[in-house]
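Notes for the structure review
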Amino acid sequence: RPEMTGYLCERTIYKLVLDRVNKALNRNFSNISDLLLNLDANLCRALLFDILPALRLLDPACGSAAFLVAAMKVLITIYSAAIGKIQFLNGIDQVA
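These remarks concern the structure in this document.

Reading guide: rules and limits
Residues numbered from 1 in each chain as written. Predicted model: local features only at pLDDT ≥ 70, side-chain atom pairs only at ≥ 80, totals over all residues. Heavy atoms only, no water. Core = buried A, V, L, I, M, F, W, Y, C linked by side-chain atoms within 4.5 Å. Buried < 20%, exposed > 50% of the residue type's maximum accessible area, 1.4 Å probe, protein only. Contact = heavy atoms within 4.5 Å. Helix = DSSP H or I, 4+ residues; strand = E, 2+ residues; numbered from the N terminus. 1 Å grid on protein atoms, 1.4 Å probe; cavity = no way out; pocket = protein on both sides within 12 Å on 5 of 7 lines; lining within 4 Å. Points joined across faces, edges and corners; volume = space filled by probe spheres on them. Lys, Arg positive; Asp, Glu negative; His and termini not counted. Salt bridge = Lys/Arg side-chain N within 4 Å of Asp/Glu carboxyl O.

Quick look at the nonpolar core
The biggest cluster of nonpolar side chains holds 24 residues, and the ones touching the most others in it are Val-17, Val-21, Leu-35 and Leu-47. Residue contacts for Leu-35: discarding those within four places in its chain leaves Leu-18, Val-21, Phe-29, Leu-43 and Leu-47.

In structure tokens form, the structure reads like this:
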């Protein structure tokens, strides 16, 4: 069921990303909302060039691909937030 695969992917991928960000950048984000609300240029750079590309996901069942679709949706949320923040920061630079 999409609700179940979505929940499982959120719980595992968000925790994995949080752990890697906290370790790589010596931060202490407690949840993904905290991380996404506090995005800055260094965090976006780390997410987009180091942390997210290094993730590896495996769907051992290889059935309906529901897990992979749910994982993609979770990752799109993080990528979109980071790219949106970069676009916002670039907009500020162009105005100033």
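Here's the deal with unusual backbone geometry
Its identity is not glycine, yet Asn-26 carries a phi of approximately 55 degrees, on the positive side. We note that Ala-65 has phi near 70 degrees; this positive angle belongs to a residue other than glycine. Considering the arrangement of structural elements, one finds Ala-65 in the loop between helix 3 (41-51) and helix 4 (66-95).

Things to note about the layout of surface pockets
Each pocket or cavity is described by its volume, and for the largest pocket that value is around 150 Å³. As for the largest pocket, its lining consists of Tyr-7, Glu-10, Arg-11, Tyr-14, Lys-15, Leu-18, Asp-19, Asn-31 and Ile-32. Per element, the largest residue contribution to the lining of the largest pocket is 7 residues, and it comes from helix 1 (residues 2-25).

Considerations on the side chain of Asp-59
In this fold, Asp-59 is placed in the loop between helix 3 and helix 4. This buried residue, Asp-59, is left without a salt bridge; Lys-73 holds the nearest opposite charge, at 14 Å. Apart from the residues within four sequence positions on either side, Asp-59 is in contact with Ala-65, Phe-67 and Leu-68.

A short note on the pattern of salt bridges
Throughout the structure, instances matching the rule amount to 2 salt bridges. Across the pair Lys-15 and Asp-19 runs a salt bridge whose closest N-O atoms are separated by 3.0 Å. Placement of the pair is Lys-15 and Asp-19 together in helix 1, with a separation of 4 residues, close to one helical turn. Judged by relative accessible area, Asp-19 falls into the partly exposed class, the value being 40%. Here Asp-40 and Arg-27 are joined by a salt bridge, their closest N and O atoms 2.8 Å apart. You can see Asp-40 sitting in the loop between helix 2 (32-37) and helix 3 and its partner Arg-27 sitting in the loop between helix 1 and helix 2, a full 13 residues away along the chain. By relative accessible area, which is 29% here, Arg-27 ends up partly exposed.

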